[in-house]
Amino acid sequence: MSEATEQIFALVDVNNMYVSCERSFNPKLRKVPVCVLSNNDGCAVSRSNEVKALGVKMGTPWFQMKDLARQHGIIGLSSNYALYGDMSQRIMTILAEYSPNLEIYSIDEAFISCRGLGGLWTSTTAMGQHIRANILRCTTMPVCVGAGQTKTLAKLANFMAKKAPLFEGVCDLTTMSSARMEWFFTRIPVDEIWGVGRRISTKLNAMGIDTVQRLKDASPSAIRSHFGVVMERTCYELQGVSCLAMEEVPPARKEIVSSRSFGELTRSVDELSEAVTMYVARASEKLRRQHSVCSAIHVFVQTNPFRTQDPQYSGGKTIPFTDPTDDTRVLTGAAIQGLAGIYREGFQYKKAGVMLLGLIPNSIKQASLFDTEATRQSSAAIMSTLDKVNQRYGRDALRLGSAGIAQRWSMKSTNRSPRYTTRWEELPTVTAN
DNA sequence: TCTGGGGTCCTAGGACCC
DNA sequence: TCTGGGGTCCTAGGACCC
C-alpha cells in the first residue's frame with residue numbers, strides 16, 4: 001500500500017470526562033475518589049480511577065454504593081452539563097489545530113484523520129504525545145490517544161493506552177509488530193471492542209470467541225451469518241480493512257428527545273403539563289438550531305417501574321402535523337393535548353418526555369413540493385408518472401429534479417399505530433436517455 | 001426511600017402490488 | 001377464481017454507543 005492512500009485514524013478520548021472537569025475547577029477533588037451522578041443524583045455516570053478500582057460499575061445507583069462511599073470517602077457530585085459542554089468545546093478547538101479532518105464523535109471523544117500529516121511529525125506517537133501535553137497544559141484535562149488503520153483499531157488502541165501504563169497515554173497500532181499486537185489481542189476480552197456489547201459478547205463467548213484476537217481471526221462471513229452486517233464490518237475493521245469513514249460534518253438529527261425522571265412522584269396532570277411544556281421548549285430549540293421542522297410530536301408518561309408494588313402505567317401518543325413545523329407554541333399545544341389523552345388518574349408518575357419525529361431540513365421543506373396538500377398530491381402524481389416511465393423503459397430512464405432537489409416523502413400512517421420516519425431522497429436533476 | 005438521558009442502525013416478517 | 005413468486009415498503013423490536 002502506498003503511503004498516500006494508507007489511512008491512519010487517531011482517537012483522542014478524555015479520561016473520566018465529567019470527573020476530570022470537576023477536578024479541573026476544584027483541585028481539592030484530585031487524589032480523592034469522586035464520581036459524577038446523573039439527574040436527581042440517581043446513578044454514577046462518571047467515575048474517577050479510584051472509584052473504578054473499588055469495583056463501582058458505570059450506572060451503579062448511588063444509593064447502592066452509599067456504604068462503600070462512607071467507607072472510602074467517595075464524593076458524589078451532581079452533574080453540571082453546561083460546564084462539561086464548555087470544556088468539550090475548548091478541547092475540540094485545540095484538536096482542530098492538528099488536522100483539517102476532525103470528527104467530533106461525542107462530548108469527550110474525537111477522531112482525527114492523519115492522512116497528509118506524515119511530514120509534520122516524526123511519528124504518530126509523537127503527535128499523540130504533543131496533543132496530550134498541549135491539552136493538559138491548556139485545560140488541565142488528561143486525554144489518551146490511540147491510532148490504527150481503522151476506527152475500530154483506533155478505539156482499541158485508545159483502550160490499550162488507557163490500561164497499560166507503558167504506553168504513557170499514546171498507543172499506535174500501525175507501527176506495532178504483529179507478534180506484539182497478537183500478545184495484547186489474546187489478552188483483551190472481546191467485549192472491549194467497539195460495537196460488542198453485553199448480548200453479543202455472551203453469544204460470542206458461547207462460540208469460543210472470547211478475545212479480540214479470536215474475533216480478528218474469525219471468518220467475517222460466518223460472523224455475518226450469526227450477527228449481521230454490523231458485526232461483519234467490525235470483524236473486517238479488526239483485520240485492518242477500513243469500513244467506517246470519517247464523518248466530519250455531523251448529520252442532522254433524525255429525531256430529538258427531551259425527557260426527565262422526576263425527583264418526586266406526582267399524580268398531578270398540571271405538574272405533568274408543566275414538565276412537558278419545558279421539554280417541548282428544549283426540544284424545539286434544538287430543532288431550530290439544526291434548521292429543521294418536524295412532522296409529528298410524541299408525548300409519553302410512565303410510572304416508576306422499579307416500584308413493583310405500585311400499579312404500573314406507561315402511555316404515549318403521537319400527534320402528526322399536516323404542515324411540518326418548528327413553532328414552539330404549535331408543538332406545545334399538540335403535546336399538551338396529547339398528554340390529556342394519555343393521562344390516567346390513580347397513578348404516580350415518575351417520568352415524562354417528548355420526541356420530535358419525522359425531522360426535515362428547512363431547506364428541503366422550502367424547496368419541496370409538499371408545502372400544501374395540493375402540491376403534495378401533485379408530487380405524488382409526478383412520482384407515479386416517473387415510476388411508470390421508468391418501469392417501461394428500464395430503471396432510472398428518467399429522473400426528476402426540482403431546483404436540484406426533489407424527494408420522495410414517506411410519512412405514512414397505516415391502519416396500525418402510525419410511525420413517523422424521516423426518509424427523503426435527493427434526486428439529481430432531470431436526465432432523459 | 002433512592003435506579004439517567006439522548007441517540008443510531010439493522011433485521012425479521014407482514015402487507016401489498018404486479 | 002385460484003395459486004404462486006418476486007420485489008418493495010413498513011413496523012416493531014433488538015442491540016449498541018456515550
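First, a word on what this report is: a plain description of the structure on this page. These figures come from a predicted structure and were not determined experimentally.

Two numbers describe how helix H8 (residues 198–206) lies on helix H10 (residues 220–227): the axes approach to 12 Å, and their chain directions differ by 120°. The orientation of H8 relative to H10 falls into the category oblique. Our pair here, H8 against H10, has a crossing hand that is right-handed. Residue-level contacts link Ile200, Lys203 and Leu204 of H8 to Ile223, His226 and Phe227 of H10. Split into classes, the residues belonging to the contact of H8 with H10 amount to four nonpolar, one polar and one charged.

This paragraph deals with the packing of aromatic side chains. To describe a pair of aromatic rings, you give the distance between the ring centres and the angle between the ring planes. Per the stated rule, a full pass over the model turns up twelve aromatic pairs. Pairing tyrosine 98 with tryptophan 121 gives two aromatic rings, centres 6.1 Å apart and planes at 20°, and the pair type is stacked. Highlighted residues: tyrosine 98 in the loop between helix H4 (81–96) and strand S5 (102–106) and tryptophan 121 in the loop between strand S6 (109–113) and helix H5 (124–139), separated in sequence by 23 residues. Residue tyrosine 98 is classed as buried on the basis of its relative accessible area, which comes to 8%. For the ring pair tyrosine 313 and tyrosine 349, a centre distance of 6.3 Å and an interplane angle of 80° mean the geometry is edge-to-face. With tyrosine 313 in the loop between strand S10 (292–303) and strand S11 (314–325) and tyrosine 349 in strand S12 (residues 349–361), the pair connects residues that are 36 residues apart, well separated along the chain. Accessibility assignment for this pair places tyrosine 313 and tyrosine 349 in one class, buried. Among the aromatic residues, those joined into a cluster by ring pairs are Tyr313, Tyr343, Phe347 and Tyr349. Over the ring of phenylalanine 111 we find lysine 151; its NZ or CZ atom is 4.8 Å from the centre of that ring. One residue, lysine 203, lies across the ring of phenylalanine 227, its end atom 4.7 Å from the ring centre.

Glancing now at the sheet that holds strand S1 (residues 9–14). Two modes of strand pairing occur in sheets, parallel and antiparallel, and in both the strands are linked by backbone hydrogen bonds. Overall, mixed pairing links the five strands, which are arranged S5-S6-S1-S7-S8 in an open sheet. One side of each edge strand has no neighbouring strand; the edge strands of this open sheet are S5 and strand S8 (170–172). For this sheet, the mean inter-axis angle between neighbouring strands, taken without regard to orientation, is 15°. Note: strand S7 (residues 143–148) against S8, three bridges, orientation parallel. Along S8, the bridge assignment pairs valine 145 with valine 170. Against the sheet, H4 engages S1, S5 and S6, with an angle of about 155° to S5. On top of the sheet, helix H6 (residues 151–163) reaches S1, S5, S6, S7 and S8; it is set at about 140° to S7, its chief contact.

Attention shifts here to a negative patch on the surface. A surface patch of negative charge is lined by Glu264, Asp270, Glu271 and Glu274. For the negative patch, the element with the highest residue contribution is helix H12 (residues 269–289), accounting for three residues. Its place among the elements puts glutamate 274 in helix H12.

How each quantity is defined
Sequence order as written defines the numbering, with residues in each chain counted from 1. The order in which chains are written sets their letters, starting at A; the order in which ligands are written sets their numbers, starting at 1. Only residues with pLDDT of 70 or above have their local features reported here, since the model is predicted, and side-chain atom pairs are shown and tallied only from 80 upward, although totals for entire chains, interfaces and linings are computed over all residues. Only hydrogens and water are set aside when side-chain values are computed; all heavy atoms of the structure are taken into account. Note on definitions: angles span 0 to 180 degrees between N-to-C directions of axes, and those axes are lines fitted to C-alpha atoms, for helices only across the stretch in contact. Where helices and strands are cited, they refer to DSSP runs of H or I of at least four residues and of E of at least two residues respectively, numbered from the N terminus. For classification purposes, an angle smaller than 35 degrees is called roughly parallel, one larger than 145 roughly antiparallel, one from 65 to 115 roughly perpendicular, and anything else oblique. When the near helix sits turned anticlockwise from the far one by under a right angle, the crossing is termed left-handed; a clockwise turn instead gives a right-handed crossing. By definition, residues are in contact when any of their heavy atoms lie within 4.5 Å. Residue polarity follows a fixed list, in which Ala, Val, Leu, Ile, Met, Phe, Trp, Tyr, Cys and Pro are nonpolar, Asp, Glu, Lys and Arg are charged, and the others, Gly among them, are polar. Between the rings of Phe, Tyr and Trp (Trp by its six-membered ring), a pair exists once the centres lie within 6.5 Å; its type follows the angle of the planes, with under 30 degrees stacked, over 60 edge-to-face, and the other angles tilted. A 1.4 Å probe rolled over the protein chains alone gives each residue an accessible area, and that area as a share of the maximum for its type sets the label: buried under 20%, exposed over 50%, partly exposed in between. Look at NZ for Lys and CZ for Arg. If either is within 6 Å of the ring centre and within 35 degrees of the ring normal, a charge sits over the ring. What makes two strands pair is DSSP finding at least two bridges between them. Residues enter patches when they are more than 30% accessible in relative terms and free of salt bridges; like-charged ones are connected within 9 Å and nonpolar ones (Val, Leu, Ile, Met, Phe, Trp, Tyr) within 5 Å. All accessible-area figures derive from a Shrake-Rupley calculation using a 1.4 Å probe, and residue coverage is judged against the displayed protein chains alone. Whenever a carboxyl oxygen of Asp or Glu lies within 4 Å of a side-chain nitrogen of Lys or Arg, that contact is scored as a salt bridge. By the counting rule applied here, Lys and Arg register as positive and Asp and Glu as negative, while His and the ends of each chain are not counted. Lys charges are placed at NZ, Arg charges at CZ, Asp charges at CG and Glu charges at CD.

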